[in-house]
Amino acid sequence: MADNLARKIEFNPNEQRDPEKRQRQVLNHHNVAWTGFEKSLLILGTMITIGLMTMLVSSSISATSAQHELTSLQRSVAKEQSQVGDLHQELGELTSSSRMNKIARSKGLALNEKNIRTIR
């Protein structure tokens, strides 16, 4: 019942192994042949890398052109906003009461205070 699963290994420390019996295998890693799977894997990896590099360059070019277009649009919007501001200022100057009174006096018209009603 007390079954020991460990193997009994007899070891004699005085016994030496013959180095002549062991043959050394020298592997020359420069002359190892590539398998078909390794070649196909290398070709596939190269194709994927070149494809990703091409996508990266094209996306960079499109991002740059979009940035230039955005900059030109921002310039045109700023120019139009400046023109709108100028037109608002001109509108305020043209509709000022002092200017209207000056034009009315030059045409011979007079402002009658009795005819003015103030509504609140």
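Residues numbered from 1 in each chain as written. Predicted model: local features only at pLDDT ≥ 70, side-chain atom pairs only at ≥ 80, totals over all residues. Heavy atoms only, no water.

- Naming follows an unreviewed UniProt entry, where the chain appears as Cell division protein FtsL of Lactobacillus melliventris.
- In its Function (unreviewed entry) section, the UniProt entry covering the chain states "Essential cell division protein."
- As stated in UniProt under Sequence similarities (unreviewed entry), the record for the chain gives "Belongs to the FtsL family." (UniProt positions renumbered as here; feature names shortened; annotations may be inferred.)

**Side note on the overall build of the chain**
Next up, step 1: Helix and strand content of the chain: 2 helices and 0 strands.
Next up, step 2: The proportion of buried residues among the 120 residues of the chain is 0%.
Next up, step 3: Summed over its atoms, the accessible surface of the chain is roughly 12,900 Å², and 57% of this surface lies on carbon and sulfur atoms. (Helix = DSSP H or I, 4+ residues; strand = E, 2+ residues; numbered from the N terminus. Buried < 20%, exposed > 50% of the residue type's maximum accessible area, 1.4 Å probe, protein only. Areas by Shrake-Rupley, 256 points an atom, 1.4 Å probe, with all protein chains shown as cover.)

**Structural notes on the UniProt feature "transmembrane region" (unreviewed entry) in the chain**
Next up, step 1: In the numbering used here, UniProt assigns the "transmembrane region" (unreviewed entry) feature to residues 41-66.
Next up, step 2: What you have in residues 41-66 is 100% helix and 0% strand, and the ends, taken at the C-alpha atoms, are 37 Å apart.

**A closer look at helix H2 (residues 97-106)**
Think of an α-helix as 3.6 residues a turn; residues three or four steps apart then line up on the same face.
Next up, step 1: With 0 of 10 residues buried, H2 lies mostly on the surface of the structure.
Next up, step 2: Phi for Gly108, located one or two positions after H2, is positive at around 90°.

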